[in-house]
Amino acid sequence: MTDIKVEGFKASEILSRLDSAFERFTDAERKTQIKKANGIFELRITNGNKQEAVWTIDMKEKGTVYKGPAQSKPGVVLLMSDDTFAQLADGKLDGQKAFMTGKLKTKGNAMLATKLTPILETAKGKAKL
């Protein structure tokens, strides 16, 4: 597991647990998840102090989460607050509602962004968040 934590971000802990869940996937589970999502998600998250952190969920090639911008061209870049991401990950906020109310902004393939929720849910169950 790589160090993906960034101090001062709720998303940091959530993505760290997501990474742990991905590491526990069997090869077959990883391939299934990659096939379902088939995309690279770059997350640009801003905390309450207006600091930005960037993480990438690669569900196109590797089935991994890492800190920093996408190493390959992302299918979608998601911009949101730390609180919005935490609510999305906890299932307290619907991604489409977040997008429609301006809490979530996208660059690139916005339809790909709809595949992020099942990834978070699958890993949530696997990681027992």
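Use the structure listed above.
Predicted, not measured: the structure shown is a model, and the values here were computed from it. (Residues numbered from 1 in each chain as written. Predicted model: local features only at pLDDT ≥ 70, side-chain atom pairs only at ≥ 80, totals over all residues. Heavy atoms only, no water.)

S.K.: Any chance you could break down the overall build of the protein for me, citing the residues and the numbers?
M.R.: Counting its regular elements, the protein contains six helices and five strands. Shown N-terminal to C-terminal, the secondary structure of the protein runs as helices and strands in the order α-α-β-β-β-β-α-α-β-α-α. In terms of C-alpha radius of gyration, the protein reaches 13 Å, essentially the compact-globule figure of 14 Å for 129 residues. C-alpha extents for the protein along the principal axes are approximately 40 × 30 × 30 Å. Taking the intrachain contacts of the protein between residues at least 6 apart in sequence as the baseline, contacts between residues at least 24 apart amount to 63%. On the protein, roughly 7200 Å² of surface is accessible, and the fraction owed to carbon and sulfur atoms is 51%. Looking at the protein, you have 23 positive and 16 negative side-chain charges, and the mean spots of the two groups are 4 Å apart. (Helix = DSSP H or I, 4+ residues; strand = E, 2+ residues; numbered from the N terminus. Rg over C-alpha atoms; globule rule 2.2 N^0.38 Å. Contact = heavy atoms within 4.5 Å. Areas by Shrake-Rupley, 256 points an atom, 1.4 Å probe, with all protein chains shown as cover. Lys, Arg positive; Asp, Glu negative; His and termini not counted. Charge placed at Lys NZ, Arg CZ, Asp CG, Glu CD.)

S.K.: So what's going on with the nonpolar core? Residues and values would help.
M.R.: If you look at the biggest cluster of nonpolar residues, it comprises 33 residues, and the most contacted ones within it are L15, F41, L43, I57, L78 and F85. Where this core is concerned, the elements lending two or more residues are α1 (10-24), α2 (27-37), β1 (39-46), β2 (52-59), β4 (76-81), α3 (82-90), α5 (110-113) and α6 (116-127). For this core, the element with the most residues is α1, which contributes five residues. Each residue touching L78, except ones within four places of it in the same chain, is listed here: F41, E42, L43, R44, L104, K105, T106, A113 and L116. (Core = buried A, V, L, I, M, F, W, Y, C linked by side-chain atoms within 4.5 Å. Buried < 20%, exposed > 50% of the residue type's maximum accessible area, 1.4 Å probe, protein only.)

S.K.: Can you lay out the packing of aromatic side chains for me, pointing to particular residues and giving the numbers?
M.R.: According to the stated counting rule, one finds two aromatic pairs in the structure shown. When the ring of F9 is compared with that of W55, the centres are 5.8 Å apart and the planes differ by 80 degrees; the resulting orientation is edge-to-face. Residue F9 is found in the segment before α1, and its partner W55 is found in strand β2; the two are separated by 46 residues along the sequence. Taking the relative accessible area as the measure of exposure, F9 reaches 8% and is therefore buried. (Phe/Tyr/Trp six-rings, centres within 6.5 Å; stacked < 30°, edge-to-face > 60°.)

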